[in-house]
Amino acid sequence: AAVENDLPPQLAQLHNSGRYQELARALQTAVHDQPEAAPLHYWLGRSYYELREYDRAESSLERATELAPGRSEYHDWLGKASGRKAERANPFSAMSLARKAYRAFQTAVRLSPANIEAQRDLIRYLLNAPGFLGGGEDAALKQIQALSAVDTVDGMLARAEYFVTGKKWEQAAEEYEKVQKSGVRRVGVELEIAEFYRDRADAAHMQAAVEAAGK
């Protein structure tokens, strides 16, 4: 959902300018006054996430999904917050949080297969999680195929990420080249490609992608 549709203009402005501390304080007051307003809990959770307060982010986002269980993006961001908590937790808690993230990503995609961000988050989870937590190459490739049916370019990006995860750099570069030859020009796409070349210390290709994003 667009920020403007869910937040009053003054709060949307805080979000868009990255003033998350101020936004969190304003939303805390708003939530106190309107405890059943799911968007307020959602954006409060997003604010906490940006502030790296993942416990509070998860709590707020969980409340948002309870109040509005049909909102795909709410479940996706709950998955992100649970995943971040898992990275910091002890091994036992990390497994429980990882499973929670997995379920949230699955729910987000089930509710809206067109939610590309949720699709990519689920694929990323499948690529990195061990088999006993639902991850695995076969599951990831199956989900990449499902994403490709929704959006060809994002399917190629996800396949490139699959190759990167497996350290198959040449195959990844080939996928990124396909994306660039597709004619699709989106800032996020070009920046994702630029990050790949930055990590590969390929300054020329990185600069070309950055310039494309600038256009």
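Higher on the page you've got the structure.
Residues numbered from 1 in each chain as written. Predicted model: local features only at pLDDT ≥ 70, side-chain atom pairs only at ≥ 80, totals over all residues. Heavy atoms only, no water.

A word on the overall build of the chain
Test applied: Secondary structure is summarised from DSSP: a helix means a run of H or I of at least four residues, a strand means a run of E of at least two, and numbering begins at the N terminus for each. Each radius of gyration is computed over the set of C-alpha atoms, and the globule rule expresses the reference value as 2.2 Å times the number of residues to the power 0.38. Should any heavy atoms of two residues lie within 4.5 Å, those residues are counted as being in contact. Accessible surface area values rest on a Shrake-Rupley calculation with a 1.4 Å probe, where residue burial reflects the displayed protein chains alone. Positive: Lys, Arg. Negative: Asp, Glu. His and the chain ends are not part of the count. Taken as the charge location is NZ of Lys, CZ of Arg, CG of Asp or CD of Glu.
From N to C terminus, the chain includes 13 helices and 0 strands. Counting from the amino terminus, the chain carries its helices and strands in the arrangement α-α-α-α-α-α-α-α-α-α-α-α-α. Here the C-alpha atoms of the chain give a radius of gyration of 18 Å, agreeing with the 17 Å that 2.2 N^0.38 yields for 215 residues. Summarising its shape, the C-alpha atoms of the chain cover approximately 55 × 45 × 30 Å along the three principal directions. Once local pairs closer than 6 in sequence are excluded, the contacts in the chain between residues at least 24 apart make up 48%. Taken as a whole, the chain presents about 11400 Å² of accessible surface, with 50% of it coming from carbon and sulfur. Between the averaged position of the 28 positive side-chain charges in the chain and that of its 31 negative side-chain charges there is a distance of 2 Å.

What to know about the nonpolar core
Side chains of nonpolar character tend, in soluble globular proteins, to be buried together. Selection rule: Only buried residues count toward a nonpolar core. Its members are Ala, Val, Leu, Ile, Met, Phe, Trp, Tyr and Cys residues joined through side-chain atoms within 4.5 Å. Relative accessibility decides the category of a residue: with a 1.4 Å probe and only protein chains considered, values under 20% of the type maximum give buried, values over 50% give exposed, and everything between is partly exposed.
Ranked by internal contacts, the top residues of the largest apolar core, which has 35 residues, are Tyr125, Leu157, Tyr176, Val179 and Ile193. Going through the elements one at a time, helix H7 (91–111), helix H8 (116–128), helix H9 (137–150), helix H10 (152–165), helix H11 (169–181) and helix H12 (187–199) are the ones with two or more residues in this core. Here Leu157 is in contact with Arg120, Tyr176, Val179, Val189, Glu192 and Ile193, once residues within four sequence places are set aside. Ranked by size, the runner-up nonpolar core spans 27 residues in total, among them Leu14, Val31, Leu40 and Leu44.

Quick word on the packing of aromatic side chains
Threshold: In this analysis, rings of Phe, Tyr and Trp, with Trp reduced to its six-membered ring, are considered paired at centre separations within 6.5 Å, and the interplanar angle assigns stacked below 30 degrees, edge-to-face beyond 60, and tilted for intermediate values.
Counting across every chain of the model gives 8 aromatic pairs. Seen from their ring centres, Tyr102 and Tyr125 are 4.8 Å apart, and the 10° between their planes marks the pair as stacked. A residue pair is termed long-range when its members are at least 10 positions apart, and Tyr102 in helix H7 and Tyr125 in helix H8 qualify at 23 residues. There is no split in this pair, since Tyr102 and Tyr125 are both buried.

Looking at unusual backbone geometry
Most peptide bonds take the trans configuration, and most residues that are not glycine carry a negative phi. Although it is not a glycine, Arg52 sits at a positive phi angle of roughly 65°. Mapping Arg52 onto the fold places it in the loop between helix H4 (38–50) and helix H5 (54–67). Judged by its relative accessible area of 58%, Arg52 is exposed. In this model, Ala201 sits at a positive phi of 60°, which is unusual for a non-glycine residue. For Ala201, the location among the structural elements is in the loop between H12 and helix H13 (203–214).

Side note on helix H6 (residues 72–88)
What counts is decided by this rule: Residue count minus one, scaled by 1.5 Å, sets the expected span of a helix.
Over its 17 residues, H6 runs 25 Å from end to end, which matches the ideal 24 Å to within 8%, given 1.5 Å per residue. Burial analysis of H6 places 13 of its 17 residues in the buried class, the great majority of the element.

Honestly, that's just the spatial picture; any functional story needs more than this.
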